[in-house]
Structures are given as C-alpha cells and as structure tokens.
Amino acid sequence: MGIRAGRIVHVGADPGAAREAVELDGLVLTPGFVDIHTHSDVSLIHDPAGESKALQGVTTEVVGNCGYSAFPVHPDRREALVDHVARLGDAPAAIDWSDLDGYAAAIDAARPSVNVAALVGHSALRIAAMAEPYGPLRDGDLDRMRSLLDAALSAGAYGMSTGLTHTPSALGDADEVAALVEVCTRHGALYATHARAAAGREIDAIDEALDAVRRTRGRLQFSHLALNDPAWWGRADAALARFDAARDEGLDVAFDVYPYDASSSAMVQYLPEWVQEGGSAGLRARAGDPDWRRRALADVRRGFFGGIPWHWDRIVITAAGPRADLCGLSLADVAARREQPAEEVLLDLCVELGSLAQVVLHYRTEADMTAFLAHPLALVGSDGNALPLDPAATDKPHPRAFGTFPRVLGRYVRDRGVLGLADAVRKMSTGPARRLGLAGRGEIRPGCVADLTAFDPATIADHATFETPRQRPVGVALTVVAGQIVVRDGVLGPARPGRVLRRAR
C-alpha cells in the first residue's frame, strides 16, 4: 500500500521506491478506529497528545455525547457551561469561544494527535438558549435551541446528542427532543441519545428513543446500551428485540457498547433532578437550608433514577478533586470512615466537590454486555476520555479510556470468540465512520484519507484495570493519522496531525 500527501494512493504490492517503508509482516492492517462515543471534548485541549486513545489505534474521537458539548455558548451563561462540561471528568476549561468554529479553532490550535468529530449537546443547547435552563420551556426557548442546532449542523457538526439522565437535558420532554431531532433529520445528521433511565423501565427508555426517530424519520445512535437496573440483569434479549423490531419497521437505528460491566459518570448525576438545579453553584447555595437537605436526603434514600436500589459497595470514587485520599474507595468505605449514612456522604461530597466528583458503578453484567456486543447493530465506543498515562496521577478513571479497543480484539475476539476478527474491526472502524458520514475515512482504498491501525492479533490485549487504569495496551504496532505515524511499536511519537472534521454539507 502507498500513501502520499496523507491519502492512500494504491493498495497492493509496492510499485516502486518509497521515502519510508514500514514492515507489517504478521500484523493486521485496518482502517483507523473511530471511537463513536467519547467525552474528550476538552481533554484534547488540556493534553493534545491523546495518549490513551492513540495507543489503542484510535484515529478519530467523536465528542459532544450524552447532551454535553463545549458549544454553543451564551456569554451570560458561559460559567454554567464550563461547570457542566467539567462533569465529564476533566479540569474545567476556559471556554472562550461561542460556536463550533471557535471550538474547532481551539482544538486545532492545540494540535491533537487524533481527529475530532463533534456532536451538539442538548444540555449545551438548553444552557445557551434558555435564561433558566433547569426549568420548563418558555416562549422562544425551543425556537432558539432549534436555531442554534441548525447553525451548528450547518457549520459541520455530525448531529445532536441528548443526556436524558443528565440535567438539564433530562428536563426536556419527548416533544422537545423530537422538535430538535427534526432539525437533525433535515440535515441528514445523527441523533445520539443517552436514554432516560428510570427504575424498572429499561425498555421504556429504548422505546422513547425509537419513538423520537419514528416521529421525525431521523437516524438514531443509541448510546452505550446497557441494563443498569439489577431487576433487569440477564434480560438483554428483551432490549435487543426492540432494536430488531425497529429495523424491521424500517427505522434507521444502531447502538454502541463498551466492553466492561461497569459504568462511570459524575457523582451528581445520581442525585434527584431537582437537587441538581443550577449545577455546582446551585448545590452549594442551597446546602445550608435544613429543609432542603431533609427533602434531598429523603429523595436520595428512595434510590437513584426513581428507585434503582443503592449498593454502596458497588459505587467507587474515581476522582475527587482535592480529596485524592478518597479515590478508589467505595461510598460504603467512606461512610464507614465517617460514621455517617452513605446517602449523607453522597450528598455532602456532591456539595463539597460539585462536578469534580466522579464514580464508577459496578451495576452491569458481562453476559448482558457480550450479548449487546455480538449483535449486528452494535458498534464499539469507549465512553471514555483521551487521557495521559501519567503515573503520578491520583485519580482512577474507568479503564475504558485506556483499553476498550484492544480489549475487544484480545478478550472478545481471540480469547472468547464472541466476535470474529473482521466483524470486530467493522464495529470499530468502517461501521462508525459510515454511521457518522466521515467522508473518505473508514476504508482502505485509493483516495481515502490514510487513517490506519496495525496490530498483532496474537498479542493484542488491554492491561488497564479499575485499580490501576493508566496502563498501556500491548499489540498495537502502528497508529497512522492522515498519513503520519502517531504510534510506532506501541510508543507515542511527536506527530500531531489530528484536526476537527466537518460533516459534508
């Protein structure tokens, strides 16, 4: 295969001399992996090396998921968006832009190692369009959201996402969501949803997402499909049947999944929606009111998302800002240390730390996850940020940020036979590239951009764990972005050829 000026010029035997030749004997060469679900919205500004993703063979990060995005921005509510985006687990970023063009300029100026494709977050739209984004729609609010979404899609965003367990996105009802999805449909853009969770209603969440695209004839990407309610563990077939029926009906639907039986998010997500009103500042402002605290604790005791039971030993703190001593402890551990009920610990930490508090929830089963992974509609997305392998870091982020793609190829292809190699590669490269509409990417053929990955199928494996997540994978020999070698023999080099991609319009 030959590459010139960042593009593939021929496939097959080498027709002549090359300025640089790379030996690939014993390796599998594939299109670069497209991580269709990430939260690297500001990660690549803080640390443009994107080490945890580039080492896995990822060449494109899709940001703006779960209702979060770093644009659009209303100047009067800039700090509200900064606080909201900080829930993604990164240090707060100085969001000094207003739209996709400004965000793209900031990413490109940072010179990332990998590409970025952006969705527009529903929460960000609410914060930008509404004087009171944590309340009901008022006159003109929806029109302003639709206008901001239209502008972002016209500027090259790949779609819109909702985060219907994350406020303020969670405050949008089905009609509000459908009105926004209709804008995506007009542009031929994707609708990605972190669905609305409620105790005992896992299938209802899927049905709501399907109904949004049924009403609008939109294109649905259902984010990180999972069964989080213990009452639903082991019932993957019921969820998959909904997607099969939707496809048989003619709906354009797919979903993504990451290969772990635990999730991760900001701790505040698990508080009742009304408690989250106003973000971190709102929590701090109300925390001293005894009546507010009594009501909040009463609601928390009922469970999260309307009644999913608390298993405090399954909820582990992964980041806590200045309270690094808490990282790696479960809420049960912290409650025992403080001799305090766990629900009070949860509320107090959210008040104290706001968006800085992050947790992992061990609330899934591997059997359900592998059933989802094996399904023909499944794509692979990490749900993780691009992070450095910093041995001095005290936080313990979910290992998905460091091991998702090698884990699929090692554990679930080679070792367990859940997927065939070609199918796994499709779910990680060609499939997501086509789903998004990444022009000229996701294939190895003349004329395509040379975003490529080469790995050893006999050795590829993830080494990241929940206890020591910042571990490099093995077996990824080469990551190439736009014809430039970013990773060679498992080592990140100095090349930074990534850029913000725009949807063809």
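Everything quoted here is computed from the prediction, not taken from an experiment.

Caption draft 1: Spotlight on the packing of helix H3 (residues 78–86) against helix H5 (residues 122–129). The contact between H3 and H5 brings their axes to 9 Å, and the two run at 165 degrees. Comparing their axes, H5 and H3 come out roughly antiparallel. Of the two possible hands of crossing, H3 and H5 adopt the one that is right-handed. Of the residues in H5, those touching H3 at Ala80, Leu81 and His84 are Ser123, Ala124 and Ile127.

Caption draft 2: Focus on the packing of aromatic side chains. Here the structure, examined in full by the defined rule, presents 15 aromatic pairs. When the ring of Phe255 is compared with that of Phe372, the centres are 6.5 Å apart and the planes differ by 75 degrees; the resulting orientation is edge-to-face. Residue Phe255 is found in strand S11 (residues 252–257), and its partner Phe372 is found in helix H14 (residues 366–374); the two are separated by 117 residues along the sequence. A relative accessible area of 1% places Phe372 in the buried class. An aromatic cluster is built from Tyr270, Phe304, Phe305, Trp310, Trp312 and Tyr363, whose rings are joined through pairwise contacts. Directly above the ring of Trp232 sits Arg235, whose terminal nitrogen or CZ lies 3.7 Å from the centroid. Cation over ring: Arg400 sits above Tyr258, and NZ or CZ is 5.0 Å from the ring centre.

Caption draft 3: Spatial organisation of the environment of Leu349. Structurally, Leu349 can be placed in helix H13 (residues 342–353). Residue Leu349 is classed as buried on the basis of its relative accessible area of 0%. Between the C-alpha atom of Leu349 and that of Asp313, which follows or precedes it by 36 residues, the distance is 16 Å. Once residues lying within four places of it in the same chain are set aside, the contact partners of Leu349 are Met267, Ile317, Leu326, Leu331, Arg338 and Gly354.

Calculation notes
- Residues numbered from 1 in each chain as written.
- Predicted model: local features only at pLDDT ≥ 70, side-chain atom pairs only at ≥ 80, totals over all residues.
- Heavy atoms only, no water.
- Axes fitted to C-alpha atoms, helices over the stretch in contact; angles between N-to-C directions.
- Helix = DSSP H or I, 4+ residues; strand = E, 2+ residues; numbered from the N terminus.
- Parallel < 35°, antiparallel > 145°, perpendicular 65-115°, else oblique.
- Left-handed = near helix turned anticlockwise from the far one by under 90°.
- Contact = heavy atoms within 4.5 Å.
- Phe/Tyr/Trp six-rings, centres within 6.5 Å; stacked < 30°, edge-to-face > 60°.
- Buried < 20%, exposed > 50% of the residue type's maximum accessible area, 1.4 Å probe, protein only.
- Lys NZ or Arg CZ within 6 Å of the ring centre and 35° of its normal.

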